[in-house]
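Residues per chain, in single letters:
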Amino acid sequence: MSRLIAVSNRVAQPTGNLKSAGGLAIGILAALQDHGGVWFGWNGKTTSGETGEPHIRQVGNITYATIDLNETAFEKYYNGFSNTSLWPVCHYLLGYFRYDRREYDEYRRVNTTFARKLLPLLQPDDIIWVHDYHLIPLASELRRAGVDNPIGFFLHVPFPDIEMLRVLPVYTQLLRCLCAYDVVGFHTPRDLAAFNEAVSQEEIGGLLKANRRNGDQTQCVDADVFPIGIDVDSCYALATDGRQSDNTQRMIHHLHDRNLIIGVDRLDYSKGLEERFCAVERLFRSYPENRGQVSFIQIAPKTRAGIRAYGDIRHALEQKAGQINGEFADIDWVPIRYLNRAFDRATLMEFFHEAKVGLVTPIRDGMNLVAKEFVAAQNPEDPGALVLSRLAGAAHELTDAVLVNPYDIDGVADGIQRALTMPLGERRERYAGMIEVLRRNDITAWRTRFVDALLRARARMASGA
Ligand code: ADQ
């Protein structure tokens, strides 16, 4: 069996837990545990000098190969171009967008460094799977260094429409880089359509023709939809194995049999948290019968602390939660508990299991694994209901959720009320529809389909097609 080499900006350390690792790390780790292989990327440490040789560590069937990053590289490549240019463009949030040519240059340099450090670890039979927007140019760099293994790329965030993409002065270069891959994968048909539209535009179509390998008229690479899934049984087992964590026991104790609404997200402006808090406020205003009867817990650990917008949103949320609690709280009831920290996965799954409503309302999201984990953790006999943003990739699959527009504050409040009062029969029916989708397209299916596409790419190369 070929070795699978997964490459991502950040590698979740084997000794650390995955508390606030984010969806990408959760997905890659699950895929690697399944198949075995190498996980290459940044270890989260910065140095004042140049990047040294990879640190190698073997744990079970996974080899972790990690590198440090230079401080300037981290600032310009990670905080800069990746997270202040690409991230806002991919999420259609231009208010947060900034472009600086020096940051883009550093982005390209870091990709060259990744390629140089990865090169000695590669073997002829390996298949390489690169993850996410930080590493779009990696295949071109590897090809330049003579690597002819199959290389695939998976985008964990949305692929924006061409008009949005054009905001980036370097978008044609990035599209050309994407076409150096053999396989390019997206979460949803909408992302794939946006990619196809971008490459078929005349001005870049000419550039791409030279890279075309499979003879297809409109595509230069094998581009397809690979919606990421979860390990359904493991989520349910963590939620119900009877080893209830201390945190869960305390949470249940303080709930006093009230209905629980839960939100769990990285603290990111794309997750729609300010709008969500407003919707919860509207719920208590428009449906006052919920006062004293319903508690909302929002868990949101800090991420990307070096970027100002992330500090701003944190303050805005603290203020909003304080205002809502000030207005509605009673001696024995607090409407919102806003917890700025990470929890281990077992505790999160237990929280989901206890909740009557899962509130997942990003203003844009590639997929959103929390929506899927919430459903997987439910009791099939008495499942909670999911309120899900139409602007999350997960809405393409979880059509049995209560779908809402996260900008429509009244609409989300109505959606929560609908979920809170939904009859058992309807909850079961919706749960059955969603769990069927989750099982059919779980994490193993995601990994297998992508790896198969890479193996087909290798067969095509071998036959000279
Ligand atoms: P993220 O933006 O990180 O992922 P998401 O898909 O919801 O978003 O994944 C978050 C993961 O982190 C979940 O597995 C969740 O359980 C975990 N998590 C969140 N908050 C936590 C907390 N407080 N403590 C512990 N764990 C927590 C990116 C894209 C998404 C895409 C994924 C996978 O932005 O759109 O779904 O990659 O492709």
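Conventions and cut-offs
- Residues numbered from 1 in each chain as written.
- Predicted model: local features only at pLDDT ≥ 70, side-chain atom pairs only at ≥ 80, totals over all residues.
- Heavy atoms only, no water.
- Helix = DSSP H or I, 4+ residues; strand = E, 2+ residues; numbered from the N terminus.
- Rg over C-alpha atoms; globule rule 2.2 N^0.38 Å.
- Buried < 20%, exposed > 50% of the residue type's maximum accessible area, 1.4 Å probe, protein only.
- Contact = heavy atoms within 4.5 Å.
- Areas by Shrake-Rupley, 256 points an atom, 1.4 Å probe, with all protein chains shown as cover.
- Polar contact = N/O pair within 3.5 Å; in protein donor to acceptor, adjacent residues only side chain to side chain.
- Domains from an automatic or database assignment.
- Buried area = accessible area lost by both parts, 1.4 Å probe.
- Salt bridge = Lys/Arg side-chain N within 4 Å of Asp/Glu carboxyl O.
- Nonpolar A, V, L, I, M, F, W, Y, C, P; charged D, E, K, R; others polar.
- Expected span 1.5 Å × (residues − 1).
- Arc of directions from axis to C-beta.
- Pairing = 2+ DSSP bridges.
- Axes fitted to C-alpha atoms, helices over the stretch in contact; angles between N-to-C directions.

## Description of the overall build of the protein chain
No. 1: Counting its secondary structure elements, the protein chain contains 17 helices and 14 strands.
No. 2: A globule of 465 residues ought to have a C-alpha radius of gyration of about 23 Å, and the protein chain, at 22 Å, matches this closely.
No. 3: Taken across its 465 residues, the protein chain has 58% of its residues classed as buried.
No. 4: Contacts spanning at least 24 positions in sequence make up 79% of the contacts within the protein chain whose residues lie at least 6 apart.
No. 5: Within the structure as shown, the protein chain displays about 18700 Å² of accessible surface, and the carbon and sulfur contribution to it stands at 47%.

## Remarks on the side chain of D268
No. 1: The topology assignment puts D268 in the loop between β9 (259-264) and α11 (273-286).
No. 2: Among the polar contacts made by the side chain of D268, one reaches the main-chain amide nitrogen of S270 at a distance of 2.9 Å.

## Regarding the environment of Y338
No. 1: Residue placement: Y338 occurs in strand β11 (residues 336-339).
No. 2: Spatially, the C-alpha atom of Y338 lies 7.7 Å from that of E318, the residues being 20 residues apart in sequence.
No. 3: Ignoring sequence-local partners within four residues, the contact set of Y338 consists of L267, F277, Q298, A300, R314, L317, E318 and A321.
No. 4: At a separation of 3.0 Å, a polar atom in the side chain of Y338 contacts the side chain of N340.

## Description of the domain arrangement of the protein chain
Reports often express the size of an interface as the amount of accessible area lost when the parts come together.
No. 1: The domains assigned to the protein chain are domain 1 (4-228 + 443-463) and domain 2 (232-440).
No. 2: Between domain 1 and domain 2, the residue contacts involve 27 residues of the former and 27 residues of the latter.
No. 3: Buried surface at the junction of domain 1 and domain 2, both sides included, amounts to about 2100 Å², of which 67% is carbon and sulfur.
No. 4: Where domain 1 packs against domain 2, one counts 0 salt bridges.
No. 5: Applying the counting criterion to the domain 1 and domain 2 interface returns 3 residue pairs in polar contact (both at pLDDT 80 or more).
No. 6: For the side of domain 1 that touches domain 2, the secondary structure elements donating two or more residues are α1 (23-35), α2 (71-90) and α7 (189-200).
No. 7: By residue number, the principal contributor to the side of domain 1 that touches domain 2 is α2, which donates 7 residues.
No. 8: Counted by class, the side of domain 1 that touches domain 2 contains 15 nonpolar, 10 polar and 2 charged residues.

## Details of helix α16 (residues 424-440)
No. 1: Given a rise of 1.5 Å per residue, 17 residues ought to cover 24 Å, and the 24 Å separating the end C-alpha atoms of α16 matches this to within 8%.
No. 2: Listing the buried residues of α16 in full gives R427, R430, Y431, M434, I435, V437 and L438. Buried residues of α16 fall within an arc of 155 degrees about the axis and therefore sit on the same side. Opposite the buried face of α16, at more than 90 degrees from it, the exposed residues are E429 and R440.
No. 3: The secondary structure elements touched by the buried residues of α16 are α9 (232-240), α14 (369-376), β13 (385-389), β14 (402-404) and α15 (409-420).

## Focus on the sheet that holds strand β8 (residues 222-225)
No. 1: The strand order across the open sheet formed by 8 strands is β3-β4-β2-β1-β5-β6-β7-β8, and the pairing between neighbours is mixed. Of all the strands in the sheet, just β3 (55-59) and β8 have a single pairing partner and so form its edges. In this sheet, neighbouring strand axes are inclined to one another by 20 degrees on average, regardless of whether the strands run parallel or antiparallel.
No. 2: Sheet topology places strand β1 (residues 4-10) next to strand β5 (residues 127-131); 5 bridges connect them, and they run parallel.

## Digging into the sheet that holds strand β10 (residues 294-299)
No. 1: The strand order across the open sheet formed by 6 strands is β11-β10-β9-β12-β13-β14, and the pairing between neighbours is parallel. Strand pairing shows two members of the sheet lacking a second neighbour, β11 and β14, which therefore form its edges. Taken over all neighbouring pairs, the strand axes of this sheet differ in orientation by 20 degrees on average, direction set aside.
No. 2: Inspection of the sheet shows strand β12 (residues 357-360) paired to β13 by 4 bridges, in the parallel sense.

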